[in-house]
Amino acid sequence: AVNFLTSLEAFRRFGSGQAFVYCSTGSVYGEPDSTDYPETTSLRPSTPYGTSKACADLYAQLYASFFELPVRIVRYNNIYGPRKWGTAVPTFIQRALQQEKIIIEGGEQVRTPTFVLDSVEATLLVARAPGIDGEAFNVSARSSCSINEMVDTIWQKVNGIGSEASIERRGYRPGEIMVLQPSVAKIHQRLNWEAQFTFSQGLDILVPYLREGQAVS
């Protein structure tokens, strides 16, 4: 949050009139009381990562209102795609490509994996739209799946329909959020955005990309 505050202060002093878009995360909500939750949902993060991002959200909104700056927020949810390393989807794909066991911590968590091209389009719309300073927008795919379903889909994309994944199961991590399934009604109604890629369509692009020798770092 300290580094982010430094960035905001630099934007306040030297910004050229362009919008400042903060890329946040759905983890700022913690475990909401229901699914399909809007941007007005209270920020109750349950992990250190979510807490640091929530602090930055509040700073972004403060600078937008107090200094009247064009600061906006996008709250991403499980972005995946080419050049996006170190997260669950590329790690699962890499293990499936190498016929290695996929490690699942829990498995029943519900996520909305969102393809990177969809998130880029949403971010550009938020950056360019007038009259939305200080506002936050959820960015998420249209459909959700459990981690178990995600792994099954990935394994069959890599190794063929009907193949069975090799899985090592572990317990849930402390602070694990069971359901990340936000509403995207606001960004659809205000900016006419909705995700274009299903999880299967996104994998049709990402799996060949990784199969061609791109290593997950």
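As shown above, the structure is provided for reference.
Within each chain, residue numbers correspond to sequence positions counted from 1 in written order. Only residues with pLDDT of at least 70 get local features here, since the model is predicted, and only at 80 or more are side-chain atom pairs given and counted; chain-wide, interface and lining totals rely on the full set of residues. Values shown for side chains rest on all heavy atoms present in the structure; no hydrogens or waters enter the calculation.

A. Fine view of the packing of helix α3 (residues 88–97) against helix α7 (residues 199–211). Here an angle of 0 to 180 degrees is reported between the N-to-C directions of two axes, which are lines fitted to C-alpha atoms, with helices fitted over the stretch in contact. Helix and strand assignments follow DSSP, with helices taken as H or I runs no shorter than four residues and strands as E runs no shorter than two, numbered in order from the N terminus. Between α3 and α7, whose axes approach to 11 Å, the crossing angle comes to 55°. Our classification of the angle between α3 and α7 gives oblique. Relative to α7, the crossing made by α3 is right-handed. Listed contacts from α7 to Val89, Pro90, Ile93, Gln94 and Leu97 of α3 are Phe199, Leu203, Leu206, Val207, Leu210 and Arg211. Ten residue types, Ala, Val, Leu, Ile, Met, Phe, Trp, Tyr, Cys and Pro, are classed as nonpolar, four, Asp, Glu, Lys and Arg, as charged, and the remainder, Gly among them, as polar. Per-class residue counts for the contact of α3 with α7 are nine nonpolar, one polar and one charged. Any angle that falls under 35 degrees is termed roughly parallel, while one over 145 is termed roughly antiparallel, one within 65 to 115 roughly perpendicular, and all others oblique. What makes a crossing left-handed is the near helix being turned counterclockwise from the far one by less than a right angle; a clockwise turn instead makes it right-handed. Note on contacts: a residue pair qualifies if any of its non-hydrogen atoms lie within 4.5 Å across the two residues.

B. Seen up close, the pattern of salt bridges. Each reported salt bridge corresponds to a side-chain nitrogen of Lys or Arg within 4 Å of a carboxyl oxygen of Asp or Glu. Under the defined criterion, the tally for this structure stands at 12 salt bridges. Here Arg111 ties to Glu176 by a salt bridge, and the two come within 3.0 Å at their closest N and O atoms. One end of the pair, Arg111, is in strand β5 (residues 110–111); the other, Glu176, is in the loop between β9 (167–170) and α6 (185–191), and 65 residues separate them in sequence. Burial status follows relative accessibility: with a 1.4 Å probe on protein chains alone, a residue under 20% of its type maximum counts as buried, one over 50% as exposed, and anything between as partly exposed. For Glu176, a relative accessible area of 18% corresponds to the buried category. A salt bridge links Lys186 to Glu135, with the nearest nitrogen and oxygen atoms 2.9 Å apart. Placement of Lys186 in helix α6 and of Glu135 in the loop between α4 (116–128) and β7 (136–139) is noted, with a sequence separation of 51 residues between them. Residues participating in the shared-partner salt-bridge network are Glu105, Arg111, Arg173 and Glu176.

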